[in-house]
Amino acid sequence: MPGPRSFEPFPTAAGIDRSADERRTEGLVETLRSDAGTRVLVLQGDAAPLRDEGGLHLVSADEVPGGAEWAFLGRDARRAGVLAAVFPSVPEQTPPITAPAGWGALRAVGGDLDATDSGLFVEALSLGRWLLDAAFCPFCGTRTELRNGGWSRKCPHCGREHFPRTDPAVIVAVGGSQHPDRLLLGANAMWGGERFSCFAGFAEAGESLESTVAREVSEEAGVDLVDVRYRGSQAWPYPRSLMLGFHATAADEDAARPDGEEIVAVRWFTRDEIGAGLAGEGGVLLPGPASIARRLIADWHTAAG
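Residues numbered from 1 in each chain as written. Predicted model: local features only at pLDDT ≥ 70, side-chain atom pairs only at ≥ 80, totals over all residues. Heavy atoms only, no water.

Some remarks on the overall build of the protein
The helix and strand inventory of the protein stands at six helices and 15 strands. Compactness check: the protein gives a C-alpha radius of gyration of 21 Å against a globular reference of 19 Å for 305 residues, within 12% of the reference. When its C-alpha atoms are laid out on the principal axes, the protein stretches across 65 × 45 × 40 Å. Burial statistics for the protein: of 305 residues in total, 47% are counted as buried. (Helix = DSSP H or I, 4+ residues; strand = E, 2+ residues; numbered from the N terminus. Rg over C-alpha atoms; globule rule 2.2 N^0.38 Å. Buried < 20%, exposed > 50% of the residue type's maximum accessible area, 1.4 Å probe, protein only.)

Dropping the structure here:
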């Protein structure tokens with residue numbers, strides 16, 4: 001059973017100062033776009049350009065073609081401005097710029113990036129999805145105007161101001177009460193029943209996170225929980241989630257069963273099986289290294305040992 005040791009937080013663009021106070025500067029994005037020292041992270045859908053030596057490929061503002069939504073991400077260690085230029089994903093459309101090592105989606109490459117690039121990618125993608133999806137006022141339907149360096153929208157008709165949304169979601173690794181060295185994981189139908197991961201779901205209106213954890217695991221795996229413990233969080237822009245990670249213990253291990261719709265299989269794994277899966281061995285397919293699910297499973301494995 002995991003003890004009270006620390007849970008290493010996910011990176012939030014280490015080396016990048018979001019410089020939130022600066023967002024109020026009039027014409028900030030336009031000024032930085034004309035500055036030769038400004039670096040730009042271009043996104044198309046959920047993919048970003050990559051360097052040959054690994055990491056994100058940032059460009060100057062004059063290399064970005066027209067049609068992007070722009071936002072201020074912050075300043076780097078040299079105090080140069082960092083912008084996002086966001087393009088929608090269009091099937092079979094040529095990427096807006098050429099990348100030395102091609103383009104990669106956050107899900108695929110996030111675990112291979114350093115803390116600065118990983119955090120910058122998450123920040124840009126989280127904000128970028130909102131920039132593309134929330135162009136119109138939800139109250140009156142008028143097209144809104146970007147303010148605060150891309151971090152808010154003002155409706156010129158009704159005067160309302162809108163901000164990027166973040167939806168809380170829980171994710172939980174469930175250990176056994178009778179067998180503390182076993183971990184319960186589920187296979188989601190979306191993955192074809194091949195990959196096993198933690199149980200997750202969105203918090204509903206008026207629901208506490210602890211209640212969400214209990215409800216989701218009961219619905220998906222049929223077990224009641226005891227000893228629910230918060231472990232850490234991860235911003236996850238699919239589409240705009242904040243994943244809040246927990247460990248918990250199943251009150252009755254024998255009650256575990258899949259719901260048959262979202263979760264097609266549940267299985268108790270031993271510590272050795274989890275260790276093999278984390279090492280890419282033994283035939284157990286676990287979540288990728290970019291996800292908090294992977295970190296929760298590794299956290300449990302370390303504690304179980």
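There is more to say after this.
As for the packing of aromatic side chains
Scanning the entire structure with this criterion turns up three aromatic pairs. An angle of 75° between the planes, with centres 5.2 Å apart, marks the rings of Phe196 and Phe269 as edge-to-face. One end of the pair, Phe196, is in strand β11 (residues 196–197); the other, Phe269, is in strand β15 (residues 263–270), and 73 residues separate them in sequence. No difference in accessibility class separates Phe196 from Phe269, as the two residues are buried. Judged by centre distance (5.6 Å) and plane angle (70°), the ring pair of Tyr230 and Phe246 falls under edge-to-face. Here the residue Tyr230 occupies a position in strand β13 (residues 225–236), and Phe246 occupies one in strand β14 (residues 241–250), the gap between them amounting to 16 residues. Taking the relative accessible area as the measure of exposure, Phe246 reaches 2% and is therefore buried. Looking at Arg23, its charged tip hangs above the ring of Trp151, at a distance of 3.8 Å from the centre. In this structure, Arg33 is placed above the aromatic ring of Trp70, and the distance from its NZ or CZ to the ring centre is 4.0 Å. (Phe/Tyr/Trp six-rings, centres within 6.5 Å; stacked < 30°, edge-to-face > 60°. Lys NZ or Arg CZ within 6 Å of the ring centre and 35° of its normal.)

Focus: the sheet that holds strand β7 (residues 152–154)
Judged by pairing direction, the sheet is antiparallel, and its three strands sit side by side in the order β6-β7-β8 without closing on themselves. In this open sheet, the two edge strands, each paired with only one partner strand, are β6 (145–147) and β8 (161–162). With three bridges connecting them, β6 and β7 associate as antiparallel partners. Residue pairing for β7: Leu146 is matched across the bridge by Arg153. (Pairing = 2+ DSSP bridges.)

A look at the state of the cysteines
Following the criterion strictly, the structure yields zero disulfides and no others. In this model Cys158 remains outside any disulfide bridge; the closest cysteine sulfur is found in Cys155, 3.6 Å from its own. Accessibility expressed as a relative area gives 30% for Cys158, which makes it partly exposed. (Disulfide = S-S within 2.5 Å.)

Section: helix α5 (residues 271–278)
Among the residues of α5, Ile274, Ala276 and Gly277 are the ones counted as buried. The buried side chains of α5 occupy one side of the element, clustering within an arc of 160° when seen end-on. Gly280 lies just past α5 and shows a positive phi near 75°. (Arc of directions from axis to C-beta.)

Quick look at the pattern of salt bridges
Overall, the coordinates contain 20 salt bridges when judged by the stated rule. Here Asp227 and Arg229 are joined by a salt bridge, their closest N and O atoms 3.0 Å apart. Between Asp299 and Arg231 there is a salt bridge; the shortest N-O distance is 3.0 Å. Of this pair, Asp299 sits in helix α6 (residues 292–304) while Arg231 sits in strand β13, placing them 68 residues apart in sequence. Considered together, Asp299 and Arg231 belong to a single accessibility category, that of buried residues. A cluster of three or more residues bridged by salt bridges with shared partners is formed by Glu204, Glu207, Arg215, Glu216 and Glu219. (Salt bridge = Lys/Arg side-chain N within 4 Å of Asp/Glu carboxyl O.)

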